[in-house]
Amino acid sequence: QVKLVESGGGLVQAGGSLRLSCAASGRTFSMYNMGWFRQTPGKEREFVAAISWSGSTTYYADSVKGRFTISRDNAKNTVYLQMNSLKPEDTAVYYCNAGVDLLNTKPGYYWGQGTQVTVSS
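Our subject in this report is the structure included herewith. All values reported here derive from a predicted model rather than from experimental measurement.

1. Quick look at the pattern of salt bridges
Step number 1: Scanning all chains against the criterion turns up 4 salt bridges.
Step number 2: A salt bridge links Lys65 to Asp62, with the nearest nitrogen and oxygen atoms 3.4 Å apart. Neither Lys65 nor Asp62 differs from the other in exposure class; each is exposed.
Step number 3: Its salt-bridge partner being Arg67, residue Asp90 comes within 2.7 Å of it at the nearest N-O pair. Taken together, the residues span a long stretch of sequence, with Asp90 in the loop between β8 (78-83) and β9 (92-98) and Arg67 in the loop between β6 (58-60) and β7 (68-73) at a distance of 23 residues.
Step number 4: On the basis of relative accessibility, which here comes to 11%, the residue Arg67 falls in the buried class.

2. What about unusual backbone geometry?
Step number 1: Here the phi dihedral of Asn77 falls at roughly 55°; this positive angle occurs in a residue that is not glycine.
Step number 2: Here Asn77 shows up in the loop between β7 and β8.
Step number 3: Here the phi dihedral of Ser85 falls at roughly 50°; this positive angle occurs in a residue that is not glycine.
Step number 4: Positionally, Ser85 belongs in the loop between β8 and β9.

Conventions used here
Residues numbered from 1 in each chain as written. Predicted model: local features only at pLDDT ≥ 70, side-chain atom pairs only at ≥ 80, totals over all residues. Heavy atoms only, no water. Salt bridge = Lys/Arg side-chain N within 4 Å of Asp/Glu carboxyl O. Buried < 20%, exposed > 50% of the residue type's maximum accessible area, 1.4 Å probe, protein only. Helix = DSSP H or I, 4+ residues; strand = E, 2+ residues; numbered from the N terminus.

So, in C-alpha coordinates, the structure goes:
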(Lines give C-alpha, C1' and ligand atoms only; values in the text may rest on other atoms or scores of the structure.)
Protein backbone atom coordinates (compact mmCIF):
# COMPACT_ATOMS: atom_id res chain seq x y z
CA GLN A 1 0.00 0.00 0.00
CA VAL A 2 1.03 3.56 -0.75
CA LYS A 3 -0.67 6.64 0.67
CA LEU A 4 0.05 9.95 -1.05
CA VAL A 5 -0.61 13.46 0.24
CA GLU A 6 0.10 16.52 -1.91
CA SER A 7 0.78 20.03 -0.69
CA GLY A 8 2.15 23.32 -1.98
CA GLY A 9 -0.56 24.41 -4.37
CA GLY A 10 -1.88 27.93 -4.43
CA LEU A 11 -2.47 31.09 -6.42
CA VAL A 12 0.39 32.73 -8.31
CA GLN A 13 0.77 35.26 -11.10
CA ALA A 14 1.99 34.28 -14.53
CA GLY A 15 5.76 33.95 -14.53
CA GLY A 16 5.86 32.95 -10.89
CA SER A 17 6.88 29.70 -9.25
CA LEU A 18 5.45 27.03 -7.00
CA ARG A 19 6.91 23.90 -5.48
CA LEU A 20 4.58 20.97 -4.97
CA SER A 21 5.34 18.18 -2.54
CA CYS A 22 3.96 14.67 -2.32
CA ALA A 23 4.55 12.79 0.90
CA ALA A 24 4.24 9.02 0.65
CA SER A 25 3.80 6.35 3.26
CA GLY A 26 5.40 2.94 3.35
CA ARG A 27 8.91 1.60 3.50
CA THR A 28 8.71 0.50 -0.14
CA PHE A 29 8.38 4.04 -1.50
CA SER A 30 11.73 3.86 -3.27
CA MET A 31 10.52 0.90 -5.35
CA TYR A 32 7.92 2.99 -7.18
CA ASN A 33 8.26 5.18 -10.20
CA MET A 34 6.54 8.45 -9.29
CA GLY A 35 4.81 11.12 -11.27
CA TRP A 36 2.57 14.12 -11.47
CA PHE A 37 -0.61 14.48 -13.47
CA ARG A 38 -3.03 17.36 -13.76
CA GLN A 39 -6.67 17.87 -14.63
CA THR A 40 -8.88 20.81 -15.57
CA PRO A 41 -12.68 20.82 -15.85
CA GLY A 42 -13.88 19.13 -19.01
CA LYS A 43 -10.56 17.50 -19.77
CA GLU A 44 -9.04 14.14 -18.96
CA ARG A 45 -6.23 13.90 -16.49
CA GLU A 46 -2.97 14.44 -18.34
CA PHE A 47 0.63 13.50 -17.75
CA VAL A 48 2.96 16.20 -16.48
CA ALA A 49 6.18 14.61 -15.25
CA ALA A 50 7.59 11.34 -13.96
CA ILE A 51 10.72 10.07 -12.27
CA SER A 52 12.20 6.59 -12.01
CA TRP A 53 12.47 4.77 -8.70
CA SER A 54 16.12 5.72 -8.33
CA GLY A 55 15.64 9.30 -9.48
CA SER A 56 18.11 8.81 -12.31
CA THR A 57 15.63 9.29 -15.15
CA THR A 58 12.95 11.93 -15.61
CA TYR A 59 10.21 12.49 -18.18
CA TYR A 60 8.20 15.59 -18.99
CA ALA A 61 5.23 16.56 -21.07
CA ASP A 62 6.23 18.84 -23.92
CA SER A 63 4.05 21.59 -22.49
CA VAL A 64 6.12 21.83 -19.30
CA LYS A 65 9.58 20.83 -20.49
CA GLY A 66 12.18 23.39 -19.50
CA ARG A 67 9.90 24.96 -16.90
CA PHE A 68 9.09 22.14 -14.47
CA THR A 69 11.50 19.88 -12.61
CA ILE A 70 10.55 16.66 -10.86
CA SER A 71 12.75 15.26 -8.11
CA ARG A 72 12.53 12.85 -5.22
CA ASP A 73 14.07 12.24 -1.85
CA ASN A 74 13.61 8.59 -1.00
CA ALA A 75 14.98 9.09 2.50
CA LYS A 76 12.07 11.46 3.14
CA ASN A 77 9.53 9.48 1.10
CA THR A 78 8.77 12.62 -0.86
CA VAL A 79 8.54 13.61 -4.51
CA TYR A 80 8.60 17.24 -5.63
CA LEU A 81 7.52 19.26 -8.62
CA GLN A 82 9.27 22.60 -9.00
CA MET A 83 7.20 24.75 -11.33
CA ASN A 84 8.80 27.87 -12.78
CA SER A 85 7.65 30.38 -15.39
CA LEU A 86 4.07 29.42 -14.74
CA LYS A 87 1.43 30.15 -17.35
CA PRO A 88 -2.35 30.51 -16.99
CA GLU A 89 -2.75 27.26 -18.92
CA ASP A 90 -0.92 25.48 -16.10
CA THR A 91 -3.97 26.06 -13.91
CA ALA A 92 -5.26 22.67 -12.81
CA VAL A 93 -5.58 20.25 -9.96
CA TYR A 94 -2.26 18.46 -9.68
CA TYR A 95 -2.18 14.84 -8.57
CA CYS A 96 0.71 12.76 -7.34
CA ASN A 97 0.86 9.18 -8.56
CA ALA A 98 2.82 6.07 -7.61
CA GLY A 99 3.61 3.26 -10.01
CA VAL A 100 3.90 5.28 -13.22
CA ASP A 101 4.54 3.36 -16.42
CA LEU A 102 7.56 5.28 -17.63
CA LEU A 103 7.58 3.84 -21.13
CA ASN A 104 4.04 5.00 -21.83
CA THR A 105 3.71 7.85 -19.29
CA LYS A 106 0.61 6.19 -17.89
CA PRO A 107 -0.37 6.41 -14.22
CA GLY A 108 -0.08 3.68 -11.66
CA TYR A 109 -2.71 2.58 -9.21
CA TYR A 110 -2.06 4.98 -6.33
CA TRP A 111 -3.24 8.62 -6.36
CA GLY A 112 -3.05 11.51 -3.97
CA GLN A 113 -6.02 13.75 -3.23
CA GLY A 114 -4.82 16.55 -5.49
CA THR A 115 -3.76 20.13 -4.89
CA GLN A 116 -5.09 23.18 -6.74
CA VAL A 117 -2.71 25.36 -8.73
CA THR A 118 -4.12 28.59 -10.12
CA VAL A 119 -2.06 30.91 -12.32
CA SER A 120 -3.48 34.36 -12.99
CA SER A 121 -2.52 36.75 -15.76
